[in-house]
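Chain and residue survey
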Amino acid sequence: MALDAAKNFSKSTLSAGYSSAATSIVLTGGGGAKFPAASFNAVWYNSTDYSDPADDPNVEVIRVTVIATDTLTVTRAQEGTSAANHNTAGKTYTLIAGPTAKLVTDIFSGAAGTLTGTTLAAGVTGSSLTSVGTLAALTVTAAIAGSVTGSSASCT
């Protein structure tokens, strides 16, 4: 399983309000270019009334599966959230892509493979060292399990 795409400062407002059944949403002009290549999860919330998405009782995590300029194809109600109406007149709705629980879980479950070319010094506890991905120049490494014997051991 590959890690979700990520891009810094991925945020845009939506061009209109949408019902809980909508699976295609349009961002304001130029918004699509702010996001990583699909697929990734994003948070959709009422930014007029809530500066923090966690405070919006109708906040929703969606999965973006296709981006065509500023139009996104989405799967609603992800990561334990419910599909909600985001269409109250006079309100601005914002979409933010960033690390969600799914991405963090994927990183720590070993989704991206094995680190190669690393030598462990004598006395280091561990028989395998797994690199599970790089996100914006940050490499996350899982815990070492087992024990290494001898003067050194190479991970391959």
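Up top you'll find the structure we're talking about.
Within every chain, residues take consecutive numbers counted from 1 along the sequence as written. Under the rules for a predicted model, residues below a pLDDT of 70 receive no local features and side-chain atom pairs below 80 are neither given nor counted, while totals for whole chains, interfaces and linings still include all residues. Each side-chain value is worked out from all heavy atoms of the structure, with water and hydrogens disregarded.

**Regarding the overall build of the chain**
Looking only at helices and strands, the chain has 1 helix and 10 strands in total. Secondary structure elements are taken from DSSP: a helix is a run of H or I of four residues or more, a strand is a run of E of two residues or more, and numbering for both begins at the N terminus. Reading the secondary structure of the chain in the N-to-C direction produces β-β-β-β-β-β-α-β-β-β-β. For the chain, the residues scored as buried account for 32% of the 156 residues in total. Excluding contacts between residues fewer than 6 apart, the proportion of contacts in the chain whose partners are at least 24 apart in sequence is 58%. Areas reported here follow the Shrake-Rupley algorithm with a probe of radius 1.4 Å; residue values treat only the protein chains shown as occluding. A total of about 8100 Å² of accessible surface is found on the chain, and carbon and sulfur atoms cover 54% of it. Residue exposure (1.4 Å probe, protein chains only): buried if accessible area is under 20% of the type maximum, exposed if over 50%, otherwise partly exposed. Should any heavy atoms of two residues lie within 4.5 Å, those residues are considered in contact.

**Overview of the sheet that holds strand 2 (residues 24-26)**
Across the sheet, which stays open at both edges, the 6 strands sit in the order 1-6-3-4-5-2 with antiparallel pairing between neighbours. Each edge of the open sheet is held by one strand with a lone partner, namely strand 1 (10-13) and strand 2. The sheet shows a mean angle of 35° between the axes of neighbouring strands, direction not considered. When DSSP finds two or more bridges between two strands, those strands count as paired. Note that strand 3 (residues 40-46) and strand 6 (residues 93-97) share 5 bridges and pair antiparallel. Within strand 6, the residue paired with W44 across the bridge is L95. Angular values range over 0 to 180 degrees, each being the angle between N-to-C directions of two axes fitted as lines to C-alpha atoms, with helices fitted over their stretch in contact.

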